[in-house]
Amino acid sequence: MNMLRLAWKSLLNRRSTALLTMLTIAVSVALLLGVEKMRLHARQSFANTVSSTDLIVGARSGSVQLLLYSVFRIGNATNNISWESYREIAALPGVRWAIPISLGDSHRGYRVVGTTRDYFEHFRYANKRRLEFSAGRAFEDTYDAVLGAEVALQLGYQSGDRLILTHGLGADGLAADHSDKPFAVSGILAPTGTPVDRSVHVSLAGIEAIHINWNKIETNPTLARSSSDLRPRAITAFMLGLDSRLLAFKLQREINQYAREPLLAIFPGVALQELWDLMRVGEQALLIISLLVAAAAMVGLLAVSLAALNERRREMAILRSVGASHLHVMGLLVSESALLTAFGIVLGLVLQNAVLLVLQPWLVDQFGLLLPLGLPGAREWATLGGLQLVGILVGLIPAWCGYRNSLADGLSTRL
Amino acid sequence: MNQYLIEIENLRFSWPGATAPLLACDSFCLARGEHLFVRGPSGSGKSTLLGLLTGILTPESGRLSLMQQDTANLSATRRDRLRADHIGYIFQQFNLVPYLDLVENIILPCRFSQRRGNNAERTHGSIAAAAEYLLRHLFTEGELDRNAPVANLSVGQQQRVAAARALIGDPDIVIADEPTSSLDFGARERFVDLLFERLEETNATLVFVSHDPTLGAHFKREAGINEFRAQAIT
Ligand SMILES: Nc1ncnc2c1ncn2[C@@H]1O[C@H](COP(=O)(O)OP(=O)(O)OP(=O)(O)O)[C@@H](O)[C@H]1O
Ligand SMILES: [Mg+2]
C-alpha cells in the first residue's frame with residue numbers, strides 16, 4: 001500500500017498534535033531561514049553601499065565609525081574637518097575626484113547630506129553603478145534639494161515641492177526647524193537599495209545658508225539668500241577617487257599624518273571587513289540559536305512520535321494483522337515524520353515570508369535592510385534538505401521501537 | 001491425496017501468568033476445502049485457538065503447520081507474509097482501521113499482499129471491483145453511505161466490512177471468530193451465502209467459531225472447544 005497515503009490519513013486522524021508538531025517545525029524553519037537571509041542580505045546590501053571609492057576621510061576616530069556615519073549614515077561624527085584641509089587634499093596630485101559630505105541636519109527623520117554636484121557625478125554603488133535621476137536634476141540653487149527614492153515615496157514629494165529642514169537629527173518638533181529657509185525639490189533619485197534612498201541631498205552652500213545666523217532671529221529668507229559668502233567652513237567627511245589604486249596607500253599615510261588637523265583615511269573595503277568581523281560573533285550566535293531551535297523541533301517530533309506509538313499499538317497491530325509487514329509499518333512511521341517535516345518546512349517558508357512582509361518596512365526603516373521575499377537560495381535549500389533528512393531519520397526511531405511490540409499484545413484490547 | 005492446510009501436533013498454549021495451560025491438542029488436521037465449525041462457551045479459549053491458527057500467537061510447545069509450513073521455522077516477517085498471503089481473519093472485535101473509509105478497509109489486504117491483490121484482479125477484474133462485489137452481496141441496496149468513516153457504521157455493518165476484508169483476494173484459509181454475532185437474520189443469511197460461495201469457488205479451508213448452533217447445519221465437520229482444551233469444561 002502506498003504508505004504515504006496511509007500516513008497522511010493517520011495524521012489527519014490525529015490532526016491536532018500533528019498540526020502542533022508541524023507548527024513547531026515551521027517556526028524553527030522560519031527562524032533558520034530568517035537568520036540566514038538576514039546574514040546574507042546584510043552583507044550584500046552593506047557591500048553594495050559603496051563602490052569605486054578609494055579612500056574615505058574624516059576626523060580621527062575609529063575606522064568602522066567613520067565608515068558607518070559617512071556611508072551608512074548610522075551614528076554621528078565626533079568632529080568635523082576644516083574646509084581648507086579638504087581643499088588641500090582634494091587638490092593633491094593623483095586625486096581624480098573628491099566628494100565632500102556634511103551631515104547633521106534632517107528632514108522628518110531622513111538625514112540631510114550636504115555635498116557638491118560631484119556626488120551625482122562620481123558616487124558609485126553596487127557594481128560601479130552611478131546615481132540616476134528618476135525626476136528632475138541635480139541641485140543648482142542654494143535652496144535646491146535632491147531626494148532619495150524612498151524619501152520622495154514615503155513623504156510624497158515631487159519635483160518643485162517645498163520642504164523644511166530640521167537642525168539636528170531629532171524627529172519633527174523636537175529639534176528646531178529651519179522654517180525660515182524652505183528648500184525646493186529639484187530632483188529625485190532612482191532607487192538604489194542603499195542609504196542614498198533615505199537621504200536628502202543639498203549643496204554645501206545650502207547647509208551653510210541655513211546655519212548662518214542660526215540662533216539669531218532671522219526671518220527674512222531673502223536676506224540669507226543674498227549673503228554673499230556661503231562658502232562652507234567645515235564638512236563631516238569626504239570620499240576620494242584616485243587615478244591609481246597604488247596611490248591609495250601613500251595617500252592614506254599622508255592623510256593620517258596630516259599636520260593641520262588629526263585626520264583618518266580608510267579603505268572602504270578594509271573597514272567593511274572590520275565591520276564583518278565585529279558582526280560575525282553575533283551572526284554566528286544567531287545561527288547557532290536557530291540551529292538549536294531546529295534541533296529542539298526535531299526532538300519534539302521524536303517525542304510526539306514515541307508518545308503516540310504507545311496509543312497506536314492497536315493501530316499498528318491491526319495493520320500487521322491484515323498483512324502489513326514490519327517494513328510496511330516502518331514505512332508508515334517514517335512517512336509520517338517525513339510528511340510532518342515536509343509540511344513543516346513548507347509552512348515555515350510561508351511563515352517566514354509572511355513575517356518578513358509585515359516586518360519589511362520596519363527593517364528598512366531601522367537598519368536599512370531590504371530583505372526580499374521569495375524562496376531561499378541553494379545554501380538554504382541544502383539546510384532544509386538536511387532537516388528533511390533528519391525528519392526521516394527521526395521516524396526510524398519509533399519505527400524501530402514499534403518493531404519490537406508484539407502483534408498479539410497490540411490486538412488484545414486493553415480495558 | 002489430502003493436502004492439509006492446518007496441522008497441529010502436541011500443541012500446548014498458556015497465557016503468560018496463567019498457572020495451567022489453556023489449550024492442548026495432540027493431533028488435528030484440516031484439509032484444503034474442509035470447513036470446521038467450533039463451538040464452546042464464552043471464555044473457553046476459542047479466540048485463543050484462532051490466534052494460534054493465524055500465527056498471531058505462538059505455541060508454547062508442539063508443532064503448528066500452516067500452508068504446509070512449520071510456523072516455528074518461520075521468522076516473524078515470514079509468518080506475517082504467510083498470514084497476509086493466505087489467511088483471511090474475521091476478528092471478533094473486527095479491528096477496522098478507524099481513519100480509512102470502508103472500501104479502503106476492505107482492500108487493505110490486497111495492498112499489503114501482492115498475491116491477494118492478484119487474486120482479486122483475476123477473479124473480478126480489479127481490486128475495486130472485488131470490493132464492490134463483496135459489498136453488493138453483504139449489504140442491501142442503498143444501505144451504505146460509501147463515504148462515511150467506518151467508525152460511524154453500525155456494529156453489524158462494521159462486522160460485514162470486517163468479513164469483506166477477510167474474504168477479498170480469495171485467501172486459502174478463512175478464520176472467522178463469531179462473524180455473525182451482530183447480524184440480523186437477513187444479513188446473516190447473505191453473509192453465510194457469500195462465504196460458502198467464495199469457499200466453494202476457491203476451494204478454501206474454513207474455521208468458524210460461533211455460539212449460534214443453527215449455523216452448524218452448514219458444516220460437515222464440527223468440534224467442541226474441549227478437543228483443543230487442556231482441561232475439558234462442561
Ligand atoms: N491477552 C490475554 N492475556 C491473558 N489471558 C487472556 C488473554 N486473552 C484471553 N485470555 C484468557 O484466555 C481465556 C480464553 O479467552 P478467549 O478469548 O480465547 O475466550 P473465547 O472462547 O473466545 O470467549 P468468547 O466466546 O467470550 O469470545 C480466558 O480465560 C481469558 O481470561
Ligand atoms: Mg472469543
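Residues numbered from 1 in each chain as written. Chains lettered and ligands numbered in written order. Predicted model: local features only at pLDDT ≥ 70, side-chain atom pairs only at ≥ 80, totals over all residues. Heavy atoms only, no water.

A. Local environment of the nonpolar core. Judged by nonpolar contacts, the single largest core of 73 residues is most densely connected at L319(A), L53(B) and V207(B). Ranked by the residues each element gives to this core, the list is headed by helix α12 (residues 326-367) of chain A, at seven residues. Those residues in contact with L53(B) that lie beyond four places of it in its chain are I6(B), I8(B), L64(B), L66(B), I87(B), I175(B) and V207(B). The next biggest cluster of nonpolar side chains, apart from the first, holds 42 residues, and it includes C110(B), V174(B), F196(B) and F208(B). (Core = buried A, V, L, I, M, F, W, Y, C linked by side-chain atoms within 4.5 Å. Buried < 20%, exposed > 50% of the residue type's maximum accessible area, 1.4 Å probe, protein only. Helix = DSSP H or I, 4+ residues; strand = E, 2+ residues; numbered from the N terminus. Contact = heavy atoms within 4.5 Å.)

B. Broad picture of the coordination of the magnesium ion (ligand 2). Residue and element names in this part refer to chain B. Coordination of the magnesium ion (ligand 2) by the protein is provided by S47 (OG) and Q92 (OE1), with metal-donor distances spanning 1.9 to 2.2 Å. Note that S47 is positioned in helix α1 (residues 46-53) and Q92 in the loop between β6 (87-90) and α3 (102-112), a separation of 45 residues in sequence. We classify Q92 as partly exposed; its relative accessible area is 33%. (Donors = N, O, S within 2.8 Å, 3.2 Å for Na, K, Ca; no water.)

C. Examining the site of ligand 1 more closely. Contacts to ligand 1 come from 14 residues, most closely from S42(B), K46(B), S47(B), T48(B) and Q92(B). More than one chain approaches ligand 1, the contributing ones being chains A and B. In this structure, an oxygen atom belonging to ligand 1 sits 2.7 Å away from a side-chain N or O atom of K46(B). A distance of 3.4 Å separates an oxygen atom of ligand 1 from a polar atom in the side chain of H211(B). For ligand 1, whose free accessible area comes to 630 Å², the fraction covered by protein is 63%. (Near = heavy atom within 4 Å. Polar contact = N/O pair within 3.5 Å; in protein donor to acceptor, adjacent residues only side chain to side chain. Areas by Shrake-Rupley, 256 points an atom, 1.4 Å probe, with all protein chains shown as cover.)

D. Highlighting the confidence of the model for chain B. Residues with a pLDDT of 70 or more make up 100% of chain B, whose mean pLDDT is 92. Across the predicted assembly, pTM comes out at 0.74 and ipTM at 0.89. (pLDDT = per-residue confidence, 0-100.)

E. Fine view of the environment of K37(A). Residues and elements named next belong to chain A. Mapped onto the elements of the fold, K37 is located in helix α2 (residues 15-49). Note on K37: relative accessible area 8%, which makes it buried. Sequence separation between K37 and V71 is 34 residues, and the spatial gap between their C-alpha atoms is 22 Å. Side-chain polar atoms of K37 contact the backbone oxygen of G374, separated by 3.5 Å.

F. Fine view of the packing of aromatic side chains. Residue and element names in this part refer to chain A. As enumerated under the stated definition, the model contains 16 aromatic pairs over all chains in all. Their ring planes at 80° and their centres at 5.6 Å tell us that Y119 and F120 sit as a pair that is edge-to-face. Side by side, Y119 and F120 carry an identical accessibility label, which is buried. Considering the side-chain rings of Y119 and F123, the 5.2 Å spacing of their centres and the 10° angle between planes classify their relative orientation as stacked. Look at F123 and you get buried, because its relative accessible area is 3%. Counting every residue linked through ring pairs, the aromatic cluster contains Y119, F120, F123, F133 and F139. (Phe/Tyr/Trp six-rings, centres within 6.5 Å; stacked < 30°, edge-to-face > 60°.)

G. Structural context of the sheet that holds strand β9 (residues 221-224) of chain B. Residues and elements named next belong to chain B. Sheet architecture is open: five strands sit in the order β6-β7-β8-β3-β9, paired in parallel fashion. Each of the sheet's edge strands pairs with one partner strand only, and the pair in question is β6 and β9. Mean inter-strand twist for the sheet, computed between neighbouring axes without regard to direction, equals 15°. Pairing geometry for strand β7 (residues 173-177) and strand β8 (residues 205-209), over five bridges, is parallel. From the neighbouring strand, I173 faces β8, where its bridge partner is T205. Sitting on the sheet, helix α6 (residues 155-167) touches β6 and β7, and the angle it makes with β6 is about 170°. (Pairing = 2+ DSSP bridges. Axes fitted to C-alpha atoms, helices over the stretch in contact; angles between N-to-C directions.)

H. Region of interest: the domain arrangement of chain A. Its domain assignment divides chain A into domain 1 (2-46 + 279-409) and domain 2 (55-266). With centres defined by C-alpha atoms, the gap from domain 1 of chain A to domain 2 of chain A works out at 50 Å. (Domains from an automatic or database assignment.)

I. Quick look at the interface of chain B and chain A. Each partner contributes to the interface: chain B provides 21 residues, whereas chain A provides 23 residues. Taken over both partners, the interface formed by chain B and chain A buries close to 2,100 Å², and the fraction arising from carbon and sulfur atoms is 63%. On the chain B side of the contact with chain A, D80(B), Y99(B) and F112(B) bury the most area, a combined 35% of that side's loss. Connecting chain B to chain A are three salt bridges. Between D80(B) and R320(A) there is a salt bridge; the shortest N-O distance is 3.0 Å. Taken together, the elements giving at least two residues each to the side of chain B that touches chain A come down to α2 (76-86) and α3 of chain B. (Buried area = accessible area lost by both parts, 1.4 Å probe. Salt bridge = Lys/Arg side-chain N within 4 Å of Asp/Glu carboxyl O.)

J. Geometry of the pattern of salt bridges. Residue and element names in this part refer to chain B. Evaluated as defined, the whole model comprises 36 salt bridges over all chains. Put simply, D26 and R12 hold a salt bridge, and the shortest N to O gap is 4.0 Å. Placement of the pair is D26 in strand β2 (residues 23-31) and R12 in strand β1 (residues 4-13), with a sequence separation of 14 residues. By relative accessible area, D26 is classed as partly exposed at 48%. E201 is the salt-bridge partner of R198, the closest N and O atoms lying 3.5 Å from each other. Note that R198 and E201 are positioned in helix α7 (residues 185-202) at a spacing of three residues, about one turn of the helix. The exposure class assigned to E201 is exposed, which follows from its relative accessible area of 51%.

K. Fine view of the side chain of H41(A). Residue and element names in this part refer to chain A. Counting through the fold element by element, H41 comes out in helix α2. A relative accessible area of 18% means that H41 is categorised as buried. The residues touching H41, leaving out its near neighbours within four places in the chain, are F46, L369, L370, L371 and P372.

L. Molecular detail of the packing of helix α4 (residues 114-124) of chain B against helix α5 (residues 127-138) of chain B. Residue and element names in this part refer to chain B. It is the contact of α4 with α5, at a shortest axis distance of 8 Å, that shows an interaxial angle of 70°. In terms of their interaxial angle, α4 and α5 are classed as roughly perpendicular. Of the residues in α5, those touching α4 at G117, A120, E121 and H124 are I127, A129, A130 and Y133. Its residues assigned to classes, the contact of α4 with α5 comprises five nonpolar, two polar and one charged. (Parallel < 35°, antiparallel > 145°, perpendicular 65-115°, else oblique. Nonpolar A, V, L, I, M, F, W, Y, C, P; charged D, E, K, R; others polar.)

M. Looking closely at unusual backbone geometry. Residue and element names in this part refer to chain A. One non-glycine residue, S52, adopts positive backbone phi at about 65°. Its location among the elements puts S52 in the loop between α2 and β1 (55-59). Looking at S52, the relative accessible area reads 29%, which means it is partly exposed.

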